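The residues making up each chain are set out below.
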There are 2 protein chains.
Amino acid sequence: MVSEVTKGWQWLMALPSVFSAKVMDTMSQLKKVGKEDPRRVVHSLKVALAITLVSLFYYVKPLYNGFGSSAMWAVFTVIVVSEFSVGATLGKGFNRGFATFLAGAMGLGSYYMVNSMSMGHIVEPILLGALIFLITAGVTYFRFLPQMKARYDYGLLVFILTFCMVSVSSYRDCEILDIALKRVITILTGGLISISVSIFVLPVWAGGDLHNLESKNIEKLGNFLEGFGEEYFGTSEVGDSNKSFLQGYKSVLNSKQVEENLANFARWEPCHGGFRYGHPWQQYLKIGNLSRQCAYRIDALNGFLNSTKTLIEIRSKIQEPCMKMSTETGKALKKLAVAIHNMIPPSSVDTHIAKSKVAATSLRSIIKTGLWEETNLFDVIPVLTVASLLVDVVSCTERLAESIQELATLAKFENKKHPTSPRHEETPQQHNSGPHHVIAIN
Amino acid sequence: MVSEVTKGWQWLMALPSVFSAKVMDTMSQLKKVGKEDPRRVVHSLKVALAITLVSLFYYVKPLYNGFGSSAMWAVFTVIVVSEFSVGATLGKGFNRGFATFLAGAMGLGSYYMVNSMSMGHIVEPILLGALIFLITAGVTYFRFLPQMKARYDYGLLVFILTFCMVSVSSYRDCEILDIALKRVITILTGGLISISVSIFVLPVWAGGDLHNLESKNIEKLGNFLEGFGEEYFGTSEVGDSNKSFLQGYKSVLNSKQVEENLANFARWEPCHGGFRYGHPWQQYLKIGNLSRQCAYRIDALNGFLNSTKTLIEIRSKIQEPCMKMSTETGKALKKLAVAIHNMIPPSSVDTHIAKSKVAATSLRSIIKTGLWEETNLFDVIPVLTVASLLVDVVSCTERLAESIQELATLAKFENKKHPTSPRHEETPQQHNSGPHHVIAIN
């Protein structure tokens, strides 16, 4: 009994330290979230700004006298519509505005229709109820359509909301038209405030994010391949502890969802930076798919890095062409990443791809010469698998380069004398490598 | 001029047929969506039912007299909270209820605090505005924390919404406490109606969906492997046009997001069917990860199916063990799928895995015997790559089996005499294969 009391006491005494540890943990996580993307801090302040602005409707007497408690809908709209990127905010704002207008009109229409029949207070609500049942069931089902879900899901939800609200409350409220008008105006005001803050205060463009994401993902694949040769053939120094470049590709494997969301948002955005309205965002999804194809192969290659490393004498036979293939495709991928990032045609890439194809050919001839006869063929399999995966990666990179070339044509990328923000450390001639010359491949 | 008019006229005449084609297309898509998962139709009717029920608050006089226009919040809550699965509905309902309560209390508190200082109608709104700015900025930033985003994102949004609403409107409204009380009661009522309809009318359980998804995904991998041997070694009949089993695995590659969403929803669900509250849903995510590992290898194997098929004489040398490995792992995966589906320990799987490991060993000895000396080693590479990928798949399957065994232990799967819903056509002894016997592997 006494020991239980002691235990309970100890638990109680430990509570503050457990709690403070939890708080410290959360604080460090909050810090990390902000460090990963400082625009998140800015976004929070932007949302707060928009809400504080819109709450002026309540505090400033002349504004309040105009709208009364309908002003609440402006606050409401700002909170719900304010998303991280401009595209998402515009999409939600458009969805909300259009759906409110349409559903409001339909709700009023159905009320007047039922009302004009003047069938008394028993039949009327039953008719209205049946109408609400049918329309909500239909629209809810409509939300399952994939193309609706991707772009108009929020609009359909708001449609149901507004339709029910108008057609239900019209049954009790008399000044329904006046209320509806005020509400539409406040929702428009809220949407405008939200969109203005989103666009004019340090905007975050979904399109730019998608653009940078593709560039970064391809760079990660390049980083892996540039380092892979040294890692696998054991020429890198043992004490080298910074192997993060070998893990970077993993985020590419599951990037599909993020890319699709960003592409959906980007379509709403007006022209900004180097992007016109109607920039070929779909092409980025194609590039993303090819990057993932490449990442799957790299994942398989990575598996061989961790397997037993005893067969150095076998590896050394194909070391040269394999290292060449790996390094050259790595360089090609990194230049493709730079080309996307700086919006220039991927001109200097073809030489790297050509070199890696030459290496693939010399690999074939090495294997054909039968240097392997004295070795156990079974020991050769993993080495040959690595070689064939590298050949796969070369053809993946080739297709990726074609796809990025297509993007450059569609989006009218041009060579610039002075790239504005060179993220990569490079000598200038890499950017100004003259007109694009296609090398016939395949 | 005349031709333009003619063109315009033709365009106008074509409009109805274009429009009707569009409508027909949408109709067929709607039909397809319903066929894919008939529960979607049921869900639409359920939502409509809940909304119609809650709109009684408006139509029935005694109910309306009690709540007045606050009844709108019940309609509102039902529309927003009604999600496809029970878990998602419960999660949203809990988030909404808890956030409304907390934010309402804090909003009132901050209003009374500012009000009690009685600093006049200039300073008061400034103080309230500053408070709103700080709290909305903080909570918006909090939404970026990954663990918050996964489970409480909606709650944090509702918190901002309610806090602003209460603290702003309290500045103009006098009967704020009365309004707040009515609102809380209507929101609770709406939430309860929505959750009741979700649970008691043909419920859709996210947990059950996750469970079936894993089972189905593993079955798809099994289908591929069972058929792969015949496809690759060309023993299948040419006229056989039904190759859909070779494409099924592709949906597994990108299943991560769906699985994580379902696992998040499933945690909210009470016990149902064979699932207790606190069922090891995390283990399903591990199983999902291993399935994807396996699917990546299968994707690589699939690439070899479409490559040139000239080297039949080389393939035939390793045909027997490779076909054995492929078929046996295929069988093992399909039995694992059945074990998950029927919630029984995966007992009869080990024999298949053991057989495929025996095949792998015999593959090694075939390769060691040097049957290859007369052939060009370069032609051998793709065949050896396929073989080594198959060996990879065997070890993937082994890990998958261990992980599913772990699930069976955690979730206390038991052998049943009469499985309730055997989805697969099997002989009964496959289910009643006696106590689980572990074969030492690795």
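Since the structure is predicted, the reported quantities are computational estimates derived from the model, not experimental observations.

Chemist: Please clarify how the overall build of chain A should be interpreted in this entry.
Modeler: When helices and strands are counted, chain A shows 17 helices and zero strands. A burial count over chain A gives 50% of its 442 residues as buried. For chain A, contacts bridging at least 24 residues in sequence account for 81% of all contacts bridging at least 6. Carbon together with sulfur atoms contributes 64% to the accessible area of chain A, which is approximately 21,100 Å² in total.

Chemist: Would you mind going over unusual backbone geometry with me for this structure?
Modeler: Glycine aside, the phi torsion of most residues is negative, and most peptide linkages are trans. All names here are of chain B. A positive phi is found at Leu-202, a non-glycine position, where the angle reads about 40°. For Leu-202, the position within the fold is in the loop between helix H10 (176-200) and helix H11 (206-232). Given a relative accessible area of 57%, Leu-202 falls into the exposed group. Of note, the phi angle at Met-343 is positive, near 55°, even though the residue is not glycine. By secondary structure assignment, the location of Met-343 is in the loop between helix H15 (312-342) and helix H16 (349-368). The buried category is assigned to Met-343, whose relative accessible area is 13%.

Chemist: What is the right way to read the packing of helix H13 (residues 256-266) of chain B against helix H14 (residues 281-305) of chain B from this model?
Modeler: Relative placement of two packed helices is described by the angle separating their axes and the distance separating the axes. All names here are of chain B. Look at H13 against H14: their axes get within 9 Å of each other, and the N-to-C directions meet at 170°. By the angle between their axes, H13 is roughly antiparallel relative to H14. Together, Lys-256, Glu-259, Glu-260, Ala-263 and Ala-266 of H13 and Trp-281, Leu-285, Gly-288, Asn-289 and Arg-292 of H14 make up the contact between the two elements. For the contact of H13 with H14, the residue count by class is four nonpolar, two polar and four charged.

Chemist: Sorry if this is basic, but what is going on with the packing of aromatic side chains here?
Modeler: This model, assessed by the stated rule, comprises 30 aromatic pairs over all chains. Here Phe94(A) and Phe98(A) contribute two aromatic rings whose centre-to-centre distance is 5.8 Å and whose plane-to-plane angle is 5°, an arrangement assigned as stacked. You can see Phe94(A) and its partner Phe98(A) sitting in helix H6 (residues 86-116), four residues apart, about one turn around the helix. Judged by relative accessible area, Phe98(A) falls into the partly exposed class, the value being 48%. By the ring-pair criterion, three or more aromatic residues cluster together here, those being Phe224(A), Phe228(A), Tyr232(A), Phe233(A) and Tyr249(A). Lying over the aromatic face of Trp268(A), Arg151(A) brings its terminal NZ or CZ to 4.9 Å of the ring centre. Cation over ring: Lys92(B) sits above Tyr154(B), and NZ or CZ is 4.8 Å from the ring centre.

Chemist: Got a minute to help me understand the domain arrangement of chain A in this structure?
Modeler: Residue and element names in this part refer to chain A. In terms of domain boundaries, chain A breaks down into domain 1 (40-200) and domain 2 (206-431). Together domain 1 and domain 2 conceal approximately 810 Å² of surface at their shared face, both sides included; 66% is due to carbon and sulfur atoms. Run the count over domain 1 and domain 2 and you get zero salt bridges. Counting across the interface, domain 1 meets domain 2 through one residue pair in polar contact (both at pLDDT 80 or more). Broken down by secondary-structure element, the contributors of at least two residues to the side of domain 1 that touches domain 2 are H6 and helix H8 (146-151). For the side of domain 1 that touches domain 2, the element with the most residues is H6, which contributes seven residues. Among the residues making up the side of domain 1 that touches domain 2, the classes are represented as six nonpolar, four polar and one charged.

Chemist: Whenever I open this one, the interface of chain B and chain A confuses me. Can you help?
Modeler: Interfaces are often sized by the accessible area lost when the parts come together. Taken residue by residue, the interface counts 71 residues in chain B and 72 residues in chain A. Summed over both partners, the interface of chain B with chain A buries about 7,000 Å², with 75% contributed by carbon and sulfur atoms. The tally of links from chain B across to chain A stands at zero salt bridges. Between chain B and chain A we count ten residue pairs in polar contact (both at pLDDT 80 or more) in total. Of the residues contributing to the side of chain B that touches chain A, the split by class is 44 nonpolar, 19 polar and eight charged.

Chemist: Got a minute to help me understand the pattern of salt bridges in this structure?
Modeler: Following the criterion strictly, the structure yields 22 salt bridges over all chains and no others. Close ionic contact of Arg297(A) with Asp392(A) constitutes a salt bridge, the shortest N to O distance being 3.3 Å. Separated by 95 residues along the polypeptide, Arg297(A) in helix H14 (residues 281-305) and Asp392(A) in helix H17 (residues 377-410) bring together distant segments of the chain. The closest approach of N and O atoms between Lys149(B) and Asp153(B), which form a salt bridge, is 3.9 Å. Of the residues examined, Lys149(B) reaches a relative accessible area of 47% and is grouped as partly exposed. When salt bridges with common partners are traced through the structure, they connect Asp37(A), Arg39(A) and Asp209(A) into a single cluster.

Chemist: Honestly, the relation of the copies chain B and chain A in this entry has me stumped. Any pointers?
Modeler: The two chain copies are related to each other by a rotation about an axis together with a translation along it. Structural alignment of chain B on chain A gives an RMSD of 0.1 Å, achieved by rotating through 180° and translating 0.0 Å along the axis. Put plainly, the chains are arranged around a two-fold axis. Of the C-alpha atoms belonging to chain B, the one lying closest to the rotation axis is found on Thr385(B), 2.7 Å away. Take the interface residues of chain B: 100% of them recur as interface residues in chain A, which is what a same-surface contact looks like.

Chemist: Looking at this model, I keep getting lost on a nonpolar patch on the surface. Mind explaining?
Modeler: Residues and elements named next belong to chain A. A cluster of nonpolar residues, Leu-49, Leu-53, Leu-56, Val-60, Leu-63, Phe-200, Val-201 and Leu-202, forms a patch on the protein surface that exposes about 680 Å² of accessible area. One can find Leu-56 in helix H3 (residues 56-59). Residue classification places Leu-56 among the partly exposed positions, given a relative accessible area of 37%.

Chemist: How do you make sense of the side chain of Glu269(A) when you look at a structure like this?
Modeler: All names here are of chain A. Positionally, Glu-269 belongs in the loop between helix H13 (256-266) and H14. Although Glu-269 lies buried, it forms no salt bridge, and the closest oppositely charged side chain, Arg-39, sits 9.3 Å away as judged by the N-O distance. At 3.1 Å, the side chain of Glu-269 and the backbone nitrogen of Gly-207 are in polar contact. If near-sequence neighbours (up to four positions away) are discounted, Glu-269 is found in contact with Ser-85, Val-86, Gly-87, Leu-90, Val-204, Trp-205, Ala-206, Gly-207 and Tyr-277.

Chemist: I would appreciate a short explanation of the nonpolar core in the present structure.
Modeler: The tendency in soluble globular proteins is for nonpolar side chains to be buried as a group. Counting residues in hydrophobic clusters, the biggest one holds 131 residues, and the most contacted among them are Ile218(A), Phe224(A), Leu301(A), Ile218(B), Phe224(B) and Leu301(B). Each residue touching Phe224(A), except ones within four places of it in the same chain, is listed here: Phe245(A), Leu246(A), Tyr249(A), Ile298(A), Leu301(A), Asn302(A) and Leu305(A). Core analysis: the second largest hydrophobic core is formed by 88 residues, Val47(A), Leu128(A), Val33(B) and Tyr64(B) among them.

Chemist: Quick question: what am I supposed to make of helix H2 (residues 39-54) of chain B here?
Modeler: Residue pairs three or four apart in sequence face the same way in an α-helix, which turns once every 3.6 residues. Taking 1.5 Å per residue, 16 residues should reach 22 Å; H2(B) reaches 22 Å between its end C-alpha atoms and fits that length. The set of residues buried in H2(B) consists of Arg40(B), His43(B), Ser44(B), Lys46(B), Val47(B), Ala48(B), Ala50(B), Ile51(B) and Val54(B).

Chemist: Honestly, the environment of Leu131(A) in this entry has me stumped. Any pointers?
Modeler: Among the structural elements, Leu131(A) can be located in helix H7 (residues 120-142). Along the sequence, Leu131(A) and Ser167(A) sit 36 residues apart, while their C-alpha atoms lie 9.4 Å from each other.

Chemist: I tried to follow the environment of Lys355(B) on my own but got confused; where do I start?
Modeler: All names here are of chain B. Along the chain, the position of Lys-355 falls in helix H16. For Lys-355, a relative accessible area of 42% corresponds to the partly exposed category. Along the backbone, Lys-355 and Gln-405 are 50 residues apart, and their C-alpha atoms lie at a distance of 19 Å.

Chemist: Is there a simple way to explain the state of the cysteines in this structure?
Modeler: When the sulfur atoms of two cysteines share a covalent bond, that bond is a disulfide. Under the definition given, this model contains zero disulfides over all chains. Cys322(A) takes part in no disulfide bond, and the closest cysteine sulfur to it belongs to Cys294(A), at a distance of 16 Å.

Chemist: I'm lost on the packing of H14(A) against H14(B) in this one. Help?
Modeler: Put simply, H14(A) and H14(B) touch, their axes get as near as 10 Å, and they point 105° apart. Judged on the interaxial angle alone, H14(B) and H14(A) are roughly perpendicular. On the side of H14(A), the interface is formed by Gln293(A), Tyr296(A), Arg297(A), Asp299(A) and Ala300(A), while H14(B) contributes Gln293(B), Tyr296(B), Arg297(B) and Asp299(B). Residue classes in the contact of H14(A) with H14(B) are distributed as three nonpolar, two polar and four charged.

How each quantity is defined
Residues numbered from 1 in each chain as written. Chains lettered and ligands numbered in written order. Predicted model: local features only at pLDDT ≥ 70, side-chain atom pairs only at ≥ 80, totals over all residues. Heavy atoms only, no water. Helix = DSSP H or I, 4+ residues; strand = E, 2+ residues; numbered from the N terminus. Buried < 20%, exposed > 50% of the residue type's maximum accessible area, 1.4 Å probe, protein only. Contact = heavy atoms within 4.5 Å. Areas by Shrake-Rupley, 256 points an atom, 1.4 Å probe, with all protein chains shown as cover. Axes fitted to C-alpha atoms, helices over the stretch in contact; angles between N-to-C directions. Parallel < 35°, antiparallel > 145°, perpendicular 65-115°, else oblique. Nonpolar A, V, L, I, M, F, W, Y, C, P; charged D, E, K, R; others polar. Phe/Tyr/Trp six-rings, centres within 6.5 Å; stacked < 30°, edge-to-face > 60°. Lys NZ or Arg CZ within 6 Å of the ring centre and 35° of its normal. Domains from an automatic or database assignment. Buried area = accessible area lost by both parts, 1.4 Å probe. Salt bridge = Lys/Arg side-chain N within 4 Å of Asp/Glu carboxyl O. Polar contact = N/O pair within 3.5 Å; in protein donor to acceptor, adjacent residues only side chain to side chain. Least-squares fit on C-alpha atoms with pLDDT ≥ 70 in both. Patch = residues over 30% accessible without salt bridge, like charges linked within 9 Å, V, L, I, M, F, W, Y side chains within 5 Å. Lys, Arg positive; Asp, Glu negative; His and termini not counted. Core = buried A, V, L, I, M, F, W, Y, C linked by side-chain atoms within 4.5 Å. Expected span 1.5 Å × (residues − 1). Disulfide = S-S within 2.5 Å.

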